[in-house]
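Here are the chains, one letter per residue:
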Amino acid sequence: SPAAFEAGFKKTMAFQPRVLKQNRGSSGEGIWIIKLKAGNYCKSYGERSCTDDEVLDMMEANDNHSETHTVAEVIEFCVNGRTSKSGTWTSKGVGKYLEGGKAAGGQLVDQRFCPRIVEGELRYNCVGDALVGIIHKKPAAGGISAVGGTGSIY
């Protein structure tokens, strides 16, 4: 629910850098690497929650572009899309990640950011129980995402 997302995101964001991603598509659109601009993370999970006016540095995985928004703007964009409360976004996406509810794929994943992603990721391709290939996807220099079209190395 929007209320559960707001409360949970404010708590997790106060604890450590996050990856926030919509539950639709695989092009990297709507996948955000998010850090507190001030870097004032709490030491223990749940020790505090972010306020609406805290500033976030963000990078979208589909093209590695950066944006800066407040916590309130991010929540508004994720729930309601581009509105007068969401600020100005340069993302190609429209937000509204919860639209349609769970049945329509309207879900968000909020997970810890793993800084080793810059080393790349391994994709193991299987047919049945047989391994048929391994792909090493590494982000382009200065990027975090290895999604196609970002200059990543395969």
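Our structure is the block above this text.
Residues numbered from 1 in each chain as written. Predicted model: local features only at pLDDT ≥ 70, side-chain atom pairs only at ≥ 80, totals over all residues. Heavy atoms only, no water.

Is there a simple way to explain a nonpolar patch on the surface in this structure?
Together, Leu-122, Tyr-124, Leu-131 and Ile-134 make up a nonpolar patch on the protein surface, roughly 430 Å² of accessible area in all. Listed by contribution, the elements that provide at least two residues to the nonpolar patch are strand S6 (121-127) and strand S7 (130-137). Tracing the backbone through its elements, the reader meets Leu-122 in strand S6. A relative accessible area of 47% places Leu-122 in the partly exposed class. (Patch = residues over 30% accessible without salt bridge, like charges linked within 9 Å, V, L, I, M, F, W, Y side chains within 5 Å. Areas by Shrake-Rupley, 256 points an atom, 1.4 Å probe, with all protein chains shown as cover. Salt bridge = Lys/Arg side-chain N within 4 Å of Asp/Glu carboxyl O. Helix = DSSP H or I, 4+ residues; strand = E, 2+ residues; numbered from the N terminus. Buried < 20%, exposed > 50% of the residue type's maximum accessible area, 1.4 Å probe, protein only.)

Is there a simple way to explain helix H1 (residues 2-15) in this structure?
Note on helix geometry: an α-helix contains 3.6 residues per turn, so any two residues three or four positions apart are oriented the same way. End to end, H1 covers 20 Å across 14 residues, agreeing with the expected 20 Å (1.5 Å per residue, within 8%). Residues of H1 that are buried: Phe-5, Phe-9, Lys-10, Thr-12, Met-13 and Ala-14. Against strand S1 (18-22), strand S2 (31-36), strand S3 (55-60), helix H2 (71-80) and strand S5 (108-112) lie the buried residues of H1. (Expected span 1.5 Å × (residues − 1). Contact = heavy atoms within 4.5 Å.)

What exactly am I supposed to notice about the sheet that holds S2 here?
By definition, the strands of a sheet pair up through backbone hydrogen bonds, in either a parallel or an antiparallel sense. As summarised here, the arrangement of the five strands in space is S4-S3-S2-S1-S5, forming an open sheet in which the pairing is antiparallel. Either end of the sheet is taken by a strand with one partner, and the two such strands are strand S4 (66-70) and S5. Strand-to-strand twist of the sheet, defined as the mean angle between neighbouring strand axes without regard to direction, takes the value 25°. Bridge analysis of S2 against S3 gives five bridges, and the strand direction is antiparallel. (Pairing = 2+ DSSP bridges. Axes fitted to C-alpha atoms, helices over the stretch in contact; angles between N-to-C directions.)

When you look at the packing of aromatic side chains in this model, what are you seeing that I'm missing?
Aromatic ring pairs are described here by two measures, namely the spacing of the ring centres and the angle between the planes. If you walk through the whole model with that rule in mind, you get five aromatic pairs. Judged by centre distance (3.9 Å) and plane angle (10°), the ring pair of Phe-77 and Trp-89 falls under stacked. On the criterion of sequence distance, the pair formed by Phe-77 in helix H2 and Trp-89 in the loop between H2 and S5 is long-range, its members being 12 residues apart. As far as the burial class goes, Phe-77 and Trp-89 line up, both buried. Aromatic side chains Phe-77 and Tyr-97 sit 5.9 Å apart centroid to centroid with 85° between the ring planes, which places their arrangement in the edge-to-face category. Taken together, the residues span a long stretch of sequence, with Phe-77 in helix H2 and Tyr-97 in the loop between H2 and S5 at a distance of 20 residues. For Phe-77, a relative accessible area of 0% gives the class buried. Pairwise contacts between aromatic rings join Trp-32, Phe-77, Trp-89 and Tyr-97 into one cluster. (Phe/Tyr/Trp six-rings, centres within 6.5 Å; stacked < 30°, edge-to-face > 60°.)

How should the pattern of salt bridges be read in this particular structure?
Oppositely charged side chains can pair when the atoms bearing their charge come close. Counted by the stated rule, this structure contains five salt bridges. Measuring nitrogen to oxygen at the nearest pair gives 3.1 Å for the salt bridge that ties Glu-6 to Lys-10. In this pair, Glu-6 and Lys-10 both sit in helix H1, four residues apart, roughly one turn of the helix. Given a relative accessible area of 31%, Glu-6 falls into the partly exposed group. Classification of Lys-10 as buried rests on a relative accessible area of 13%. Linking Lys-37 and Asp-57 is a salt bridge whose minimum nitrogen-to-oxygen distance equals 3.5 Å. With Lys-37 in the loop between S2 and S3 and Asp-57 in strand S3, this pair connects stretches of sequence that are 20 residues apart. Accessibility expressed as a relative area gives 51% for Lys-37, which makes it exposed. What emerges from the salt-bridge pattern is a single network uniting Glu-6, Lys-10 and Asp-52.

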